[in-house]
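Each chain, letter by letter, is given below.
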Amino acid sequence: MTNFFQTKLEYLRGVGLQRAQLLQKELNLFTYGDLIQRYPFRYLDRTQFYNICDLHDDMPYVQVKGILRGREVLGEGPKKRMVAKVADASGELELVWFKGVNYLEKIIRNHQEYIVFGKPTMFNGRPQMAHPELEEVTEQKPGQSYLQPVYNTSEKLKNYHRIDSKALARMVADLLKIALPQVQETLSAELIQHYGLMDKATALQQIHFPQNSDLLQKARFRLKFEELFYVQLKLLRQRDQRKVTLAGQIFKEVPTLVHFYKNIMPFDLTGAQKRVIHDIYKDFCAGQQMNRLLQGDVGSGKTIVAFISMLMAADNGAQSCLMAPTEILADQHYTGLKTYADMLGLKIGLLTGSTRTAARRVLHEQLRSGEMHMLVGTHALLEDVVQFKNLGLTIMDEQHRFGVAQRSKLWQKNPHVIPHVLVMTATPIPRTLAMTLYGDLDVSVIDELPAGRKPIVTVHRFDSNRLKVFGFLRDQIRLGRQVYIVYPLIEESETMADYKDLMDGYESVARAFPEFQISIVHGRMTAGEKDAEMQRFIKNETQIMVATTVIEVGVNVPNASVMVIESTERFGLSQLHQLRGRVGRGAEQSYCILMSGYKLSKDSRTRIETMVRTNNGFEIADIDLKLRGPGDLMGTQQSGVLDLLIADLAKDGRILSESRAAAQAILHSDPGLNQPQNQAIRRHIESLPATAVNWSRIS
Ligand code: ADP
Ligand code: MG
């Protein structure tokens, strides 16, 4: 009876049409299945109470127990509020409510003992709680659960319809009574035994009403495992299917590449670069279409890997393109690679939004005839008029800025054989996230910087020390170096206030350094203006670059050795790391100076401390993931992968690895899921909604 869980909630005892509609509208709950899978977001642990004297600002929601007194309603109209105090043996906690005061007046009593639950904040050294939950202390009934579920609900449901967490808990309890006999196991007996998993029905019971924390842990593990297992199974199946069906061009010959390597390339490759090039070459010889993600920290030398891959294509009569997220970066790639291409007698072109119509026409023609071997550009090269004779390889630099739709456009550029795809990113995606988002891509990592790089020295300075910082900048510039000063201003959503900050900053820098030339680059300038300023800086005609985050991605000026970041607290951690990566590219000692005011939130402090402590991009990405949550990272929220019910990619890396290994093992021994022991898995995967998790191929 698979449809049981699709039954509408209005049919649940005591719900009815009106409440069902509210649940739908407010909490997105439609069916029995929705409700049973809306797990509590936390539990009240009736065994854990804090002493009031131990409360402090940085605590999450906590529980204290004490006698209520001094209950009072203050103010009139919109300012009306209820205040009270609760005291335990260690101290006093002030409570305040701004909403539902009339209702609270009826139920809150002085001298009653309460359990108070909320988020403590400190005010003048005294602890306070706004809008705490109160519960009268009653005799604990023997055998009753000590862990009470707390469900998310909305203000509207709570205040106007009395559907609070407890009401939801009652609904869930009623539902479980009739639902548990209907629950089918979704994992195979083998998996359950091998990983010591709780069965599905028990897990559902225990996740809502845990008997103790041990059983809760087991229930959680089971449900997370199942969730991640099916994500991985789906991704791996897609990858396997793609591998058998999609042919790719073979690039086996490498004469130009050997010549380049022996006679032109100005440095030796690092071991990591060699390894990655070998991965790519193997893919090129396999006759199947490559879909590879190349991760490498800023400055690890991905561009040369891209170019070498493009040489392999050229050596075998195929064209290639390299797509960058900004014009500045496209220009820079083009300028750098053109030097090599010219020496090799290969034709390389640049196509961006500012390419003139006449030049464009010539370019289009050369691409169609095959005369042009390589094309570097921005998203302008996605336009339908851009046609190739035989596009064999597409490379995307800093791919997280590209949407899925744009990727699929690149695929369509060759109607005969889908081009190989190499996606490069300097945003070190934490392993857990990469495995989920790119579970169907092959991944290569450059985990080594070219020899001779000195680690960047990172320091934190308060705004009040600006004069000293400026003195340091002056010394560095006199030594022949160049300096970036970056202001927070997001290209797309720049506000007037941010713009003013930048301009004020520019003026104060200009006043402080009359003896130096200063560039400025921001999102309100035209591409041409930006480029001209950037070029002046690259040529060392200007010594200081005042800029917004437009310089964030990929820009390479080896002589720039100091990065000053203003209002550091307004940047995300990964973004700070990206910005820092703009320096440390030459032989000189480089510095990153993080400026901020004195008032910093806890998260800002963590971000700054992390930056000062480590240069390791993967470590930084992991911390960033923990601070922000995966949904916020690099636009991944559009992926749909992250609509997880219970698993948390930031925390459940180990479960993810295990579930992935389990999925791999099953597909290895039974690719079609035909064997009898895998029928539960097959049934379940077929019942899952068809929202395919698919970043690599949209067609
Ligand atoms: P990213 O991975 O951030 O894109 P780039 O490709 O821009 O890094 O490389 C950063 C700098 O390091 C460039 O100036 C590049 O020429 C240089 N480089 C790359 N590989 C090596 C190497 N193996 N040895 C020395 N320098 C290298
Ligand atoms: Mg780069």
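If you're wondering where the values come from, they're calculated on a predicted model, not measured in any experiment. (Residues numbered from 1 in each chain as written. Chains lettered and ligands numbered in written order. Predicted model: local features only at pLDDT ≥ 70, side-chain atom pairs only at ≥ 80, totals over all residues. Heavy atoms only, no water.)

> Pulling in residues and values, what's your account of the overall build of the protein chain?
Counting its secondary structure elements, the protein chain contains 23 helices and 22 strands. Just so you have it, the protein chain exposes about 32,500 Å², and 51% of that area is on carbon and sulfur atoms. (Helix = DSSP H or I, 4+ residues; strand = E, 2+ residues; numbered from the N terminus. Areas by Shrake-Rupley, 256 points an atom, 1.4 Å probe, with all protein chains shown as cover.)

> Provide a residue-level description of the packing of aromatic side chains, including the pertinent values.
Considering all chains together, one arrives at 15 aromatic pairs under this definition. Ring centres 5.3 Å apart and planes at 65° place the aromatic pair F4 and Y32 in the edge-to-face group. With a gap of 28 residues between them, F4 in the segment before α1 (16-27) and Y32 in helix α2 (residues 32-36) connect regions that are remote in the sequence. The same class applies to F4 as to Y32, namely buried. (Phe/Tyr/Trp six-rings, centres within 6.5 Å; stacked < 30°, edge-to-face > 60°. Buried < 20%, exposed > 50% of the residue type's maximum accessible area, 1.4 Å probe, protein only.)

> Quick rundown of helix α5 (residues 165-179)? Include the residues and the values.
For α5, spanning 15 residues, the distance from its first C-alpha to its last is 20 Å, which sits close to the expected 21 Å at 1.5 Å a residue. For α5, the complete set of buried residues consists of S165, A167, L168, A169, M171, V172, D174, L175, L176 and A179. Among the structural elements, α1, α2, β9 (147-150) and α7 (200-208) are those in contact with the buried residues of α5. (Expected span 1.5 Å × (residues − 1). Contact = heavy atoms within 4.5 Å.)

> Please provide a residue-by-residue account of the environment of Q664, values included.
Relative to the elements of secondary structure, Q664 occurs in helix α22 (residues 653-669). Of the residues examined, Q664 reaches a relative accessible area of 36% and is grouped as partly exposed. Along the primary structure Q664 and L233 are separated by 431 residues, whereas in three dimensions their C-alpha atoms are 7.4 Å apart. Contacts of Q664, omitting those with residues within four sequence positions, involve L236 and R239.

> I'd like a description of the nonpolar core, backed by residues and values.
Of all hydrophobic cores here, the largest spans 42 residues; its most connected members are F260, I304, V305, F307, I308, L311 and I395. For this core, the secondary structure elements donating two or more residues are α9 (255-264), α10 (271-285), α11 (302-315), α12 (327-344), β13 (374-377), β14 (391-397) and β15 (420-425). Element by element, the count of residues in this core is highest for α11, at 10 residues. Not counting chain neighbours up to four residues away, the residues in contact with I304 comprise F260, M265, F267, L269, Q273 and Y340. Within the second largest apolar cluster, 35 residues are counted, among which are V15, L29, L35 and I36. (Core = buried A, V, L, I, M, F, W, Y, C linked by side-chain atoms within 4.5 Å.)

> Can you explain the site of ligand 1? Please cite residues and give values.
Taken together, 16 residues lie near ligand 1, and D268, G299, K302, T303 and R453 sit nearest. Note that a nitrogen atom of ligand 1 is positioned 2.9 Å from one of the side-chain N or O atoms of Q273. Side-chain polar atom of R453 to an oxygen atom of ligand 1: 2.6 Å apart, as the coordinates give it. When ligand 1 sits alone it has 570 Å² of accessible area, and the protein chains cover 82% of it. (Near = heavy atom within 4 Å. Polar contact = N/O pair within 3.5 Å; in protein donor to acceptor, adjacent residues only side chain to side chain.)

> So what about the pattern of salt bridges? Which residues, and what values?
Under the defined criterion, the tally for this structure stands at 29 salt bridges. As a salt-bridge pair, R42 and E133 come within 3.9 Å of each other at their nearest N and O atoms. Placement of the pair is R42 in strand β1 (residues 42-45) and E133 in strand β8 (residues 133-136), with a sequence separation of 91 residues. Here R42 falls in the buried class, since its relative accessible area comes to 16%. Residue E133 is classed as partly exposed on the basis of its relative accessible area of 40%. Between D214 and K218 there is a salt bridge, and its shortest N-O distance comes to 3.7 Å. You can see D214 and its partner K218 sitting in helix α8 (residues 213-245), four residues apart, about one turn around the helix. Overall, K218 belongs to the partly exposed group, its relative accessible area being 40%. Through salt bridges with shared partners, a single network forms among E185, K200, R222 and E226. (Salt bridge = Lys/Arg side-chain N within 4 Å of Asp/Glu carboxyl O.)

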